[in-house]
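# Topology and contacts: notes
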Amino acid sequence: MMDHRPGGIFGPKSPQALTWTISVANLTVVDKVPPEMLHLVDTYWYQFPPLETKWHAALATTIGLLALISIVGNGCVILIFSSTKGLRTPSNLMVINLAFADFMMMFTMAPPLIINSYHETWVFGPLMCEIYGMFGSLSGCVSIWSMTMIAFDRYTVIVKGLSAKPLTYVGSVMRILFVWANSLVWTLAPLFGWNRYVPEGNMSACGTDYLSKDWISVSYIYAYSVFVYWLPLLLIIYCYTYILKAVSAHERNMREQAKKMNVASLRSSDASKTNAEIKLAKVALVTITLWFMAWTPYLVINYAGIIDSSPISPLQTIWGSVFAKANAVYNPIVYGISHPKYRAALYKRFPALQLRKENATDQNSVASCTTAADQCET
C-alpha cells in the first residue's frame, strides 16, 4: 500500500525536509573551518563530508587517555632519573631527553586537539596551526633520534666492551645538542617556505603538507622521511643486530668454558636468571616493533598523498597522526619501567605503586645492562 504521508516511503517530502536533506548532503569537512584558515586547506578535502560527532568524541577521548598516561609516565621517568643519584649517569641523560620529548609531545598536542574536537574544526588560527604542527614534528624527531642515540650507546658498551671510550657527561650533552639541532633544522624548515604546516583531513589538528604537488613540498617529504625515519631506523637495526650477535657469542663462549671446566655454569646464579640473549632479543624486538607501529602508518599516509597511490580520507589522516603520537606512551615502558633500578627508585618514591615485592633477580635484569650506565654481567 502506497504511503502518501509527507516524508513517507513513497510520498513526497515536505519542502523543509527536502531542503534540509540537500543542505546536509552538500556539507563538507571544510565548511566549519574559519575563513582565515581556508588558504591552508587543500582543495582535495572539499570532496569529503564532515566527520560524525562520534568520531570527534572518540578522538578526544583517545588522545586524552594517551596524554594522561604519557604525561604521568614520562613525568615519572624525568623525576626519578633526575633525582636518583644512582641513575644520574651520562647515558641516562639521553633517557631523560627522550622522556622530555615524549612529555612535550602530549603536553602540547593533546589539549588543542581535544578543544578542536569539541568544536569539530581548528579554532586557534593559522599561526597556532603552524606552531602546533612544528611542535608535533619537533617532539617526534627528537624522540626518534634520542632512541637512536640510546641504541648507539648500548651498541658501544656491549659490542665494543672495555675497548670503548666511556661516555662522559660532556659527550652525552653533545649528543643531546646534536639531536635538538638536527630536529630543529627539519621542523623549522616548513616555517621558512620548505613545505608548510596545514590542517589535517579532519581539520582539528595540523601537520606537514603532503598533498601539494610542487617540487618544494614533495622534496621536503622525501628528505624528511629519509633523515627522520629511514636513517634512524637503519641505525637502530644495525646497533641491535650487533648487540644480539655479541651477546650470542658471549653466551656461547661461557657455555664452552663451563664445559671445559666440567661445571654447569660459570655463574652461580644462572639457574635463577632468564637467558641474557633472550632478554636482549625481546628488548630489541619490542623497541623496533613499537617504533614501526607508531610511525609507519603516518609515513604511508604522507607517501600516499605525494604520489597519489591511493585515496586518503580525513579519518585515516587523524588516526595515523594519533598512532604516531602514541609512541610517547610506549617509550616510558620500554626505556623506563623495564629498567630495574628505575623501578626500585620509583617504588621507593611512591610505595603505593609496589603491588608485590620485587624478586632479587630483577636487579640483575639485562634491561639494566643494556644501557651504558650498567655493564653487562653475562
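Residues numbered from 1 in each chain as written. Predicted model: local features only at pLDDT ≥ 70, side-chain atom pairs only at ≥ 80, totals over all residues. Heavy atoms only, no water.

- An unreviewed UniProt entry lists the protein under the name G-protein coupled receptors family 1 profile domain-containing protein, with Anopheles arabiensis as the source organism.
- The record held by UniProt for the protein lists under Sequence similarities (unreviewed entry) the comment "Belongs to the G-protein coupled receptor 1 family. Opsin subfamily."
- What the UniProt record of the protein gives under Subcellular location (unreviewed entry) is the line "Membrane". (UniProt positions renumbered as here; feature names shortened; annotations may be inferred.)

## Let's talk about helix 3 (residues 90–119)
- An ideal rise of 1.5 Å per residue puts 44 Å on 30 residues; helix 3 measures up with 45 Å between its terminal C-alpha atoms.
- Taking the largest bend as the criterion, helix 3 deviates by roughly 25°, centred on Ala110, and proline Pro111 comes between one and four positions later. (Helix = DSSP H or I, 4+ residues; strand = E, 2+ residues; numbered from the N terminus. Expected span 1.5 Å × (residues − 1). Bend = angle between axes of the 7 residues up to and from the residue.)

## Some details on unusual backbone geometry
- For Glu120, which is not a glycine, the phi torsion comes out positive at approximately 65°.
- Structurally, the position occupied by Glu120 is in the loop between helix 3 and helix 4 (125–160).
- Since its relative accessible area comes to 14%, Glu120 is described here as buried.
- Positive phi, close to 70°, is recorded for Asn195, a residue that is not glycine.
- Along the chain, Asn195 turns up in the loop between helix 5 (169–188) and strand 1 (197–199). (Buried < 20%, exposed > 50% of the residue type's maximum accessible area, 1.4 Å probe, protein only.)

## Considering the nonpolar core
- Counting residues in hydrophobic clusters, the biggest one holds 91 residues, and the most contacted among them are Trp45, Tyr210, Trp291 and Trp295.
- With 14 residues, the top contributor of residues to this core is helix 4.
- Once you skip the residues sitting within four places of it in the chain, Trp291 turns out to touch Ile144, Met147, Val228, Tyr229, Pro232, Leu233, Ile236 and Asn327. (Core = buried A, V, L, I, M, F, W, Y, C linked by side-chain atoms within 4.5 Å. Contact = heavy atoms within 4.5 Å.)

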